[in-house]
Amino acid sequence: MAQNNIIPAAAGSVVSGRGERSIGAILIDAGKLTPEDAERILRLQREQGLRFGNAATQLGLITQADIDFAISRQFDYPYLVHGHSKVSEDLVAAYTPFSPQVEALRALRSQLMVRWFDTDPARRALAVVSAARNEGRSFIAANLAVVFSQLGEHTLLIDTDMRNPCQHELFGLDNRGGLSAILSGRGGPEMIQRIPSLLDLSVLPAGALPPNPLELLARPLFPQLLGELATEFDVILLDTPAAAECSDAQTIAVCAGAALVVIHKNTTRISQVRRITDSLSQGSATVVGAVLNEF
Ligand SMILES: Nc1ncnc2c1ncn2[C@@H]1O[C@H](COP(=O)(O)OP(=O)(O)OP(=O)(O)O)[C@@H](O)[C@H]1O
Ligand SMILES: [Mg+2]
């Protein structure tokens, strides 16, 4: 990997938000420019008094998308470029952070910060629940985790769906170790995986499918684990199995302390939502709100 000092700090005419790295250095590190390319850009930049990005695009070496990428890195607001990551394109918050869909996710994030998340460790976990399969719980949980991490919150996403897990696929992770190993005493917090391309985001995959997910979740180890993680992370989001299919979601939400209910527009029935909210309230989990997911 190229050293940051290959290009002098003055090379990038857009000054880093933290005064640290030039656009050129970021693009070299990302493999989008070679040091030789950077030299050519610098020469043109000097000859014609251009900004670094303009000189580079004039030479046809990078695109506007590359410049946006580098600027987002300078401001510690990382996002991914299509085709360059193992992370699934379903993570719209990571790939298209400026789209209206992601704007809606940021609005949801703000609501959750106002209504639930707090510095108190008892208010750092939130289960994302819904009644039936394929309503978008995993999509919402994963994208919310990305937007929380983009805010600089130290964020952990736990795949507590040990029946049909998918977060390892969304983030391109190894699922051999995960929550099921921790809850059965065969692993520890080392199962948590950092997502290097996204600052401040870690994921604990579900792990190997156990025959007894509900029993594992009902053991004291699960609330104990959440309690410990709440001292390390600002925000912990839990993806859950469909509430109508098993009792896992209720157990998970009660341990987390709160739940966000996902409603799939035009398919989720009001009676199903009422059943979930009643069962959560009986178990003393706070229902922080509901989100209407249309897709
Ligand atoms: N808001 C959305 N925009 C676009 N696609 C979406 C949206 N929500 C969900 N999807 C897509 O719908 C499909 C089902 O979503 P997801 O896997 O999140 O549902 P789920 O409720 O977690 O399902 P499961 O019961 O299998 O756990 C996925 O392919 C996902 O990418
Ligand atoms: Mg799911």
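Keep in mind the model is a prediction, meaning the values are calculated, not measured. (Residues numbered from 1 in each chain as written. Chains lettered and ligands numbered in written order. Predicted model: local features only at pLDDT ≥ 70, side-chain atom pairs only at ≥ 80, totals over all residues.)

Colleague: How do you make sense of the site of ligand 1 when you look at a structure like this?
Modeller: Close to ligand 1 lie 15 residues, the nearest being Arg133, Gly136, Ser138, Phe139 and Phe295. Of all the elements, helix H7 (residues 137-150) adds the most residues to the shell around ligand 1, at three residues. (Near = placed C-beta within 6 Å. Helix = DSSP H or I, 4+ residues; strand = E, 2+ residues; numbered from the N terminus.)

Colleague: Please clarify how the sheet that holds strand S1 (residues 125-129) should be interpreted in this entry.
Modeller: The pairing of strands in a sheet comes from backbone hydrogen bonds and takes either a parallel or an antiparallel form. Spatially, S3-S4-S2-S5-S1-S6-S7 is the arrangement adopted by the seven strands of the open sheet, whose pairing is mixed. Only two strands of the sheet have a single neighbouring strand rather than two, namely strand S3 (193-194) and strand S7 (286-293). Across seven bridges, the pairing between strand S6 (residues 258-264) and S7 is parallel. Residue pairing in the sheet places His264 in a bridge with Asn293 of S7. Those strands touched by H7 are S1, strand S2 (155-159), strand S4 (201-204), strand S5 (235-239), S6 and S7, and its axis lies near 165° from that of S5. Against the sheet, helix H11 (residues 221-230) touches S1, S2 and S5, its axis set at about 145° to S5. (Pairing = 2+ DSSP bridges. Contact = placed C-beta atoms within 7 Å. Axes fitted to C-alpha atoms, helices over the stretch in contact; angles between N-to-C directions.)

Colleague: Is there a simple way to think about the nonpolar core in this case?
Modeller: Soluble, globular proteins show a tendency: their nonpolar side chains are buried together. Counting 67 residues, the largest nonpolar core has Leu126 and Ala259 as the members making the most contacts within it. Of the residues forming this core, the biggest block, nine residues, is contributed by H7. The residues touching Ala259, leaving out its near neighbours within four places in the chain, are Leu126, Ala127, Val129, Ala253, Leu280, Ala285, Val287 and Val288. Ala56, Ile62, Phe69 and Ala70 belong to the second largest nonpolar core, which has 15 residues in total. (Core = buried A, V, L, I, M, F, W, Y, C linked by C-beta atoms within 7 Å. Buried ≥ 20, exposed ≤ 12 C-beta atoms within 10 Å, placed from the backbone.)

Colleague: Got a minute to help me understand the packing of helix H6 (residues 100-115) against H7 in this structure?
Modeller: At a minimum axis separation of 10 Å, H6 and H7 run at an interaxial angle of 75°. Judged by the angle between their axes, H6 and H7 are roughly perpendicular. The residues of H7 that touch H6, namely those facing Val102, Leu105, Arg106, Leu108 and Arg109, are Asn143, Leu144, Val147 and Phe148. Its residues placed into classes, the contact of H6 with H7 shows six nonpolar, one polar and two charged. (Parallel < 35°, antiparallel > 145°, perpendicular 65-115°, else oblique. Nonpolar A, V, L, I, M, F, W, Y, C, P; charged D, E, K, R; others polar.)

Colleague: How should I be thinking about the environment of Asn134 in this particular structure?
Modeller: Here Asn134 shows up in the loop between S1 and H7. According to the C-beta neighbour criterion, Asn134 is partly exposed, with 13 such atoms within 10 Å. Sequence separation of Asn134 and Asp159 is 25 residues, and the distance between their C-alpha atoms is 15 Å.

Colleague: I keep staring at unusual backbone geometry and nothing clicks. Help me out?
Modeller: The bulk of non-glycine residues show a negative phi, and the bulk of peptide bonds are trans. Despite not being glycine, Asn266 shows a phi value in the positive range, around 75°. Turning to its location among the elements, Asn266 is positioned in the loop between S6 and helix H13 (270-282). In this model, Ser284 sits at a positive phi of 65°, which is unusual for a non-glycine residue. By secondary structure assignment, the location of Ser284 is in the loop between H13 and S7.

Colleague: Teacher, can you tell me more about the pairing of S1 here?
Modeller: Both faces of the sheet carry side chains from a regular strand, because those side chains alternate between them. The element S1 is largely enclosed, with a buried count of five among its five residues. Every second residue of S1 is oriented toward a common face, with Ala125, Ala127 and Val129 on one face and Leu126 and Val128 on the other, all of them buried. Two elements, S1 and S5, share four bridges in a ladder whose sense is parallel. Its bridge partner lying in S5, Ala125 is registered against Ile236. Across three bridges, the pairing between S1 and S6 is parallel. When the bridges of S6 are listed, Val129 appears paired with Val261.

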